[in-house]
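# Structural description and commentary
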Amino acid sequence: MRLAGKVALISGGGRGMGAAEARLFAGEGAKVVIGDVLEDEGRAVASEINGSGGEAFFSLLDVTKDDDWRRVVAEAAARFGKLNVLVNNAGILVREELEEGDGEGWDRTLDVNAKGVYLGMKRAVPEMRRAGGGSIINISSISGLVSLGYPAYNASKGAVRIITKNVAIQYAREGIRVNSIHPGVIKTAMMDGDTRGDEDWDRLLPMKRFGEAIEVAYGALFLASDESSYMTGSELVIDGGFTAQ
Amino acid sequence: MRLAGKVALITGAARGMGAAEARLFAREGAKVVVSDVLEDEARAVASEINDSGGEALALALDVSKDDDWRRVVAEAEARFGKLNVLVNNAGIIERHSLEETSEETWDRIMAVNAKGVFLGTKAALPAMRRAGGGSIINISSISGMVSVGYPAYNASKGAVRVFTKSAAVEYAGEGIRVNSIHPGAIWTPMSLYKNERTREERAATVPMGRVGDPEEVAYGALFLASDESSYVTGSEMVIDGGVTAE
Ligand SMILES: NC(=O)c1ccc[n+]([C@@H]2O[C@H](COP(=O)([O-])OP(=O)(O)OC[C@H]3O[C@@H](n4cnc5c(N)ncnc54)[C@H](O)[C@@H]3O)[C@@H](O)[C@H]2O)c1
Ligand SMILES: NC(=O)c1ccc[n+]([C@@H]2O[C@H](COP(=O)([O-])OP(=O)(O)OC[C@H]3O[C@@H](n4cnc5c(N)ncnc54)[C@H](O)[C@@H]3O)[C@@H](O)[C@H]2O)c1
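The structure reproduced in this document is the subject of the present report. (Residues numbered from 1 in each chain as written. Chains lettered and ligands numbered in written order. Predicted model: local features only at pLDDT ≥ 70, side-chain atom pairs only at ≥ 80, totals over all residues. Heavy atoms only, no water.)

### What to know about the overall build of chain B
When its secondary structure is counted, chain B shows eight helices and seven strands. Looking at chain B as a whole, 59% of its 246 residues are labelled buried. Summarising the internal contacts of chain B: among those between residues at least 6 apart in sequence, 71% fall at separations of at least 24. Carbon together with sulfur atoms contributes 50% to the accessible area of chain B, which is approximately 9,700 Å² in total. The distance from the centre of the 27 positive side-chain charges to the centre of the 34 negative ones in chain B is 4 Å. (Helix = DSSP H or I, 4+ residues; strand = E, 2+ residues; numbered from the N terminus. Buried < 20%, exposed > 50% of the residue type's maximum accessible area, 1.4 Å probe, protein only. Contact = heavy atoms within 4.5 Å. Areas by Shrake-Rupley, 256 points an atom, 1.4 Å probe, with all protein chains shown as cover. Lys, Arg positive; Asp, Glu negative; His and termini not counted. Charge placed at Lys NZ, Arg CZ, Asp CG, Glu CD.)

### Comments concerning the side chain of D36 of chain A
Residues and elements named next belong to chain A. Note that D36 resides in strand β2 (residues 31-36). Of the side chains with opposite charge, R15 comes closest to the buried, unpaired D36, at an N-O distance of 6.6 Å. Among the polar contacts made by the side chain of D36, one reaches the main-chain amide nitrogen of G13 at a distance of 3.4 Å. A distance of 2.9 Å separates the side chain of D36 from the backbone nitrogen of G14, its partner in a polar contact. (Salt bridge = Lys/Arg side-chain N within 4 Å of Asp/Glu carboxyl O. Polar contact = N/O pair within 3.5 Å; in protein donor to acceptor, adjacent residues only side chain to side chain.)

### Re the sheet that holds strand β5 (residues 134-139) of chain A
Residue and element names in this part refer to chain A. Taken together, the seven strands give an open sheet; going across it, the order is β3-β2-β1-β4-β5-β6-β7, and neighbouring strands pair in parallel fashion. Only two strands of the sheet have a single partner each, and these edge strands are β3 (55-60) and β7 (235-238). When the angles between neighbouring strand axes are averaged without regard to direction, this sheet yields 20°. Pairing of β2 with β3 involves six bridges; the strand directions are parallel. Its bridge partner being in β3, V33 is matched across the sheet by F57. This element, helix α2 (residues 39-51), spans β2 and β3 of the sheet and lies at about 170° to β3. Seen against the sheet, helix α4 (residues 104-130) touches β4 (85-88), β5 and β6 (176-183) and runs at an angle of roughly 180° to β4. (Pairing = 2+ DSSP bridges. Axes fitted to C-alpha atoms, helices over the stretch in contact; angles between N-to-C directions.)

### A word on the environment of Y118 of chain A
Residues and elements named next belong to chain A. Counting through the fold element by element, Y118 comes out in helix α4. Its relative accessible area of 37% is what places Y118 among the partly exposed residues. Placed 55 residues apart in sequence, Y118 and V63 show a C-alpha to C-alpha distance of 9.3 Å.

### Quick look at the nonpolar core
Of all hydrophobic cores here, the largest spans 87 residues; its most connected members are F25 of chain A together with F25 and V34 of chain B. Leave out the neighbours within four places in its chain, and F25 of chain B touches L3, A8, I10, A30, V32, V85, V87, A218, A221, L222 and A225 of chain B. Of all hydrophobic cores here, the second largest spans 28 residues; its members include L59, V73, A127 and I136 of chain B. (Core = buried A, V, L, I, M, F, W, Y, C linked by side-chain atoms within 4.5 Å.)

### Focus: helix α7 (residues 213-224) of chain A
Residues and elements named next belong to chain A. With twelve residues, α7 should reach 16 Å at 1.5 Å per residue; the first-to-last C-alpha distance of 16 Å fits that figure. Counting buried residues in α7 gives ten out of twelve residues, a clear majority hidden from the surface. Within α7, burial applies to A213, E215, V216, A217, G219, A220, L221, F222, L223 and A224. (Expected span 1.5 Å × (residues − 1).)

### Some points on the environment of G144 of chain A
Residues and elements named next belong to chain A. Residue position: G144 is located in the loop between β5 and α5 (151-171). The spatial distance from the C-alpha of G144 to the C-alpha of L110 is 13 Å, given a sequence separation of 34 residues. Those residues within four positions of G144 in sequence are excluded, and the remaining contacts are N154, K157, G158 and R161.

### Some remarks on the site of ligand 2
All names here are of chain B. Residues in close proximity to ligand 2 total 27 residues, the closest being R15, D36, N89, Y153 and T188. Between ligand 2 and the protein, one listed contact pairs a nitrogen atom with a backbone N or O atom of L61 at 3.3 Å. Residue classes in the shell around ligand 2 are distributed as 15 nonpolar, eight polar and four charged. (Near = heavy atom within 4 Å. Nonpolar A, V, L, I, M, F, W, Y, C, P; charged D, E, K, R; others polar.)

### Quick look at the pattern of salt bridges
Applying the stated rule across the entire model yields 35 salt bridges over all chains. The residue E174 of chain A makes a salt bridge to R129 of chain A at a minimum N-O spacing of 2.6 Å. Separated by 45 residues along the polypeptide, E174 of chain A in the loop between α5 and β6 and R129 of chain A in helix α4 bring together distant segments of the chain. R129 of chain A gets classed as partly exposed once you look at its relative accessible area, which sits at 41%. Among the charged side chains, a network of salt bridges with common partners joins R2 and E227 of chain A together with R2 and E228 of chain B.

### Considerations on the interface of chain A and chain B
Each partner contributes residues to the interface: chain A has 34 residues there, and chain B has 37 residues. Ranking the residues of chain A by area buried against chain B places I169, M207 and Y230 of chain A at the top, with a combined share of 27%. Where chain A packs against chain B, one counts two salt bridges. Between R2 of chain A and E228 of chain B there is a salt bridge, with its nearest N and O atoms 3.1 Å apart. The interface formed by chain A and chain B contains 18 residue pairs in polar contact (both at pLDDT 80 or more). (Buried area = accessible area lost by both parts, 1.4 Å probe.)

### Let's talk about the packing of helix α3 (residues 66-80) of chain B against helix α4 (residues 103-130) of chain B
Residues and elements named next belong to chain B. Direction vectors running N to C along α3 and α4 enclose 30°, while the axes themselves pass 10 Å from each other. Relative to α4, the element α3 lies roughly parallel. For α3 against α4, the interelement crossing comes out right-handed. For the pair formed by α3 and α4, the contact residues are D66, W69, V73 and E77 on the first element and G116, L119, G120, A123, A124, A127 and R130 on the second. For the contact of α3 with α4, the residue count by class is six nonpolar, two polar and three charged. (Parallel < 35°, antiparallel > 145°, perpendicular 65-115°, else oblique. Left-handed = near helix turned anticlockwise from the far one by under 90°.)

### Concerning the side chain of T105 of chain B
Looking at the element boundaries, T105 of chain B is found in helix α4. Apart from the residues within four sequence positions on either side, T105 of chain B is in contact with E94 and H96 of chain B.

So this is what it looks like as structure tokens:
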């Protein structure tokens, strides 16, 4: 099993890509901590994992709150003995164009998508140092690379892309690796409010389909495992060719 | 096994990263064609795989020759029934500044590193189409993204980087994925070739503080070869210990 003996904390693990990662990681032998603001969903994923021979627990986590991070990281270490992997996956999409809104959407987006990643790394790093190293996987987006979606979302995902490199360099010699994943358009609840038509998407997507959550989860598994031991500060784009054209 | 039932053709597989990929892919269930201009070394890698329970075939291939490609792809299909994965790994380096780079050096490097990838991709496409899809992995380099001070090598690897995207977009609809890998300083025979810098000197330039092993690139290639990367195409996988993040 590719994550045997490892402990992984996944933010936003209650549904979508985070839930797919939680299930996949548990199947590969990791003990998984699911953090989310969605309590029922998070608990359901954890009990599903426990029911199928894995090991997981849910803990309420609002990624914008430093106290939450301290508590959840401490719980992970207390219950599973250590922390090796953090997937900063929680994120929100506020559909607001530049001239719309009063700035509240910007604040909320940057709080969850950017500050949440910063706080998560800050609290996980000391625990990973104690574990002798670790792997942090930050879920950015192709919106962190090119214009897609909305300005606040773009800015937040660009922030994640580059803070990843900063922290990667900072901790490279301590065996803590930090990489970003840049999913394209993935079939999750986040895309439910999408208004683009099929023809637009066909033109934008060389593979002519949306990705599935599991197709991102496998990328995260690779980065979480020791198979990617020489990768840090890298960007893994999983977008069906979107940004190649 | 992550490549069970797949047939993989790896160029420059007689040593270094190509040999590491051949061994790893075979362990993961792939039937492997070990191709290289170094025929004896290629045969040794193939028999090592066969002796340890895998299935491999060594074939002579000069990647800069179209006729060689046609023959090798045909033999791979004849022997193993199909072709699912191609790793365009063969490459050469010559360490010269711009003014010291002769026209012959430029042509030689381009012929192997860039044209070799073009010819290989072209030759493999019809076979992959027959197989119902496939995965092509082009070994570029961080030299395809930033200067390492050897302009011909830089240019050849930059060509591979963008050629990859072109092929990826063109064949995405046919289930053929094309991605590039960009290794940093990896310890292989190439690192020793006319290079004054020691392993320690190379390591000191890497944020991780060490050079990489061929296996650490091979695992990236395995991910891209397998169906786990089914939504990955036209992407660049950088495996460099943090060099280009700085
Ligand atoms: N779906 C896509 O097309 C797509 C593309 C690129 C990137 N992404 C990114 O992937 C990640 C996962 O998104 P998804 O598509 O699975 O969406 P999703 O909405 O299904 O899942 C996001 C999860 O994050 C949780 N979350 C939101 N705010 C939180 C907070 N403050 N604290 C803790 N948890 C919180 C949600 O409750 C939810 O469970 C996000 O970062 C998203 O921006 C999504
Ligand atoms: N070693 C590094 O630090 C490094 C870094 C980035 C990228 N790369 C690239 O990785 C690839 C593998 O390199 P390596 O480090 O394993 O080097 P290597 O020299 O050990 O292996 C290269 C192999 O390619 C073969 N080859 C050369 N010319 C050929 C031709 N015309 N036809 C067929 N085979 C040919 C060689 O015989 C050799 O077996 C190359 O493309 C190289 O440019 C290497």
